[in-house]
Amino acid sequence: MSASATVRVVQPQADERIYVTQPHLAPLREFIPYLEKIWDSKVLTNGGPFHHQLEKALCEYLGVQHLALFANGTLALVTALQALRITGEVITTPYSFVATAHSLLWNGIKPVFVDVDPDTLNLDPAKIEAAITPQTTAIMPVHCYGHPCDVDAIQKIADNYNLRVIYDAAHAFGVQSEAGSVLQHGDLSVLSFHATKVFNTFEGGAIICPDAKTKQRIDHLKNFGFVDEVTVVASGINGKMSEINAAFGMLQLQHIDAALARRKEIDAMYRELLRDVPGIRCLPGVGEKTSNHAYFPILVEADYPIGRDALYQKFRDNEIHARRYFYPLISDFPMYRGLPSAHRDNLPVAADAALKVLCLPIYPALSNENIERIADIVAGEVRISAPLEACMR
Ligand SMILES: Cc1ncc(COP(=O)(O)O)c(C=O)c1O
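Residues numbered from 1 in each chain as written. Predicted model: local features only at pLDDT ≥ 70, side-chain atom pairs only at ≥ 80, totals over all residues.

## A short note on helix 7 (residues 212-221)
Alright, step 1. Listed as buried for helix 7 are Arg217, Ile218, Asp219 and Leu221.
Alright, step 2. Tucked into the core, helix 7 has its buried residues touching strand 2 (66-70), helix 4 (73-83) and strand 10 (205-209). (Buried ≥ 20, exposed ≤ 12 C-beta atoms within 10 Å, placed from the backbone. Helix = DSSP H or I, 4+ residues; strand = E, 2+ residues; numbered from the N terminus. Contact = placed C-beta atoms within 7 Å.)

As structure tokens, this is what we get:
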């Protein structure tokens with residue numbers, strides 16, 4: 001037997017580069033009839049038929065009452081804060097994508113960072129009360145990786161202190177708890193339909209709200225404040241989703257269940273393959289009856305043979321682009337780091353997680369072979385280090 005037959009070398013295909021995600025796209029040919037309709041009607045935006053259809057279809061699919069589509073999730077976050085006239089200080093998490101806190105700055109609001117829970121990496125309700133001041137008007141938690149926050153504990157605090165709650169639910173498309181959609185909690189929830197998200201419309205987003213009156217205010221705000229041709233009631237913005245994005249959303253919805261089912265399989269495969277790898281902790285699901293498996297974060301603990309960044313580099317050397325979500329913490333970026341709440345001593349759990357986390361590739365088109373290859377790279381480090389340790393004893 002030749003040497004090459006006995007040694008298993010993990011090599012990437014020359015043309016294959018694996019990213020942390022790959023947009024899930026419905027077949028192009030299925031999109032053509034939608035485009036033909038748009039070309040026929042010449043209605044490209046401003047709340048056209050596809051916009052209307054997608055709002056209705058998403059309410060049904062997600063199990064929510066009212067939903068307003070947006071051009072992207074960031075504009076939806078900025079508008080959600082405007083819709084509830086939030087001012088002063090807002091309590092939020094440092095462990096998120098930077099748009100969460102940026103939406104506050106765009107509204108002239110001061111973010112107050114509170115640490116996260118070590119098991120969920122979501123805002124820790126036990127630490128919220130200590131951060132409340134007379135200027136606090138709201139809490140903006142994130143359902144990080146699509147895992148639900150402790151919504152009951154957060155609501156209790158909000159009720160006690162008369163605060164509003166706006167969830168950044170950018171990761172939480174389709175997530176259900178025993179009580180139904182996680183998007184029903186708080187005063188508003190905001191989704192992102194960015195290309196990297198579980199459900200994408202190229203770019204897009206939405207605000208979920210509980211009543212028609214709030215939806216109407218949001219609809220005015222996303223259309224420059226126009227109520228009719230001659231009436232402007234607020235200094236609104238152009239946050240509208242176009243017809244082409246909405247039409248694509250209608251098509252994507254037909255394929256979403258298959259995409260979610262494949263994500264579930266991938267999640268299960270990773271968990272099985274990494275179960276016995278010392279020093280690797282997979283974040284468990286928390287409180288969801290139906291998950292969306294939007295991300296697959298692992299925490300590289302101290303007893304793993306190499307550090308998180310070395311593993312990240314090892315992946316890159318193999319053309320696998322895992323991502324350190326969320327590193328750096330939002331509170332470490334220049335526009336936030338001067339805030340008293342951004343101090344490391346205030347955020348030990350988030351700071352620790354930011355140094356340990358690595359999100360492994362997960363998307364419907366990821367093959368079983370590549371999942372095994374990725375897990376093998378993680379487990380391989382332990383195999384390499386074991387004989388060395390034995391020698392040193
Ligand atoms: C937690 C979080 N909030 C907000 C956003 C912003 O959404 P968008 O890219 O649609 O503007 C994203 C992702 O992009 C996100 O991950």
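## Some points on the site of the ligand
Alright, step 1. Of all residues adjacent to the ligand, which total 14 residues, the nearest are Gly73, Thr74, Phe97, Ala170 and Ser192.
Alright, step 2. For the shell around the ligand, the elements supplying multiple residues, two or more each, are helix 4 and helix 5 (99-105). (Near = placed C-beta within 6 Å.)

## Section: the packing of helix 2 (residues 28-41) against helix 8 (residues 243-274)
Alright, step 1. It is at 10 Å that the axes of helix 2 and helix 8 come closest, and there the two elements cross at 145 degrees. Remark: the crossing between helix 2 and helix 8 carries right-handed chirality. Note on element contacts: helix 8 touches helix 2 through Glu243, Ile244, Ala247, Phe248, Met250 and Leu251, opposite Glu30, Phe31, Tyr34 and Ile38.
Alright, step 2. By residue class, the composition of the contact of helix 2 with helix 8 is eight nonpolar, no polar and two charged. (Axes fitted to C-alpha atoms, helices over the stretch in contact; angles between N-to-C directions. Left-handed = near helix turned anticlockwise from the far one by under 90°. Nonpolar A, V, L, I, M, F, W, Y, C, P; charged D, E, K, R; others polar.)

## Quick word on helix 2
Alright, step 1. With 14 residues, helix 2 extends 21 Å between its outermost C-alpha atoms, agreeing within 8% with the 20 Å of an ideal straight helix rising 1.5 Å per residue.
Alright, step 2. Downstream of helix 2 by one or two residues, Lys42 has phi in the positive range, about 60 degrees. (Expected span 1.5 Å × (residues − 1).)

## Some points on the nonpolar core
Alright, step 1. One finds Val190, Ala206 and Ile207 to be the most contacted residues of the largest nonpolar core, which totals 103 residues.
Alright, step 2. For this core, the element with the highest residue contribution is helix 4, accounting for seven residues.
Alright, step 3. Mapped onto the domain boundaries, this core takes at least three residues apiece from domain 1 (28-251) and domain 2 (256-392).
Alright, step 4. Sequence-distant contacts of Ile207, defined by excluding residues within four places in its chain, comprise Ala68, Phe70, Ala76, Thr79, Ala80, Leu188, Val190 and Ile218. (Core = buried A, V, L, I, M, F, W, Y, C linked by C-beta atoms within 7 Å. Domains from an automatic or database assignment.)

## Regarding the sheet that holds strand 4 (residues 110-113)
Alright, step 1. Spatially, 2-10-9-6-5-3-4 is the arrangement adopted by the seven strands of the open sheet, whose pairing is mixed. At either end of the open sheet lies a strand with only one pairing partner, and these are strand 2 and strand 4. Across this sheet, the average inter-strand angle for adjacent strands is 25 degrees, counted without regard to direction.
Alright, step 2. Alignment of strand 3 (residues 89-92) against strand 4, held across four bridges, turns out to be parallel. (Pairing = 2+ DSSP bridges.)

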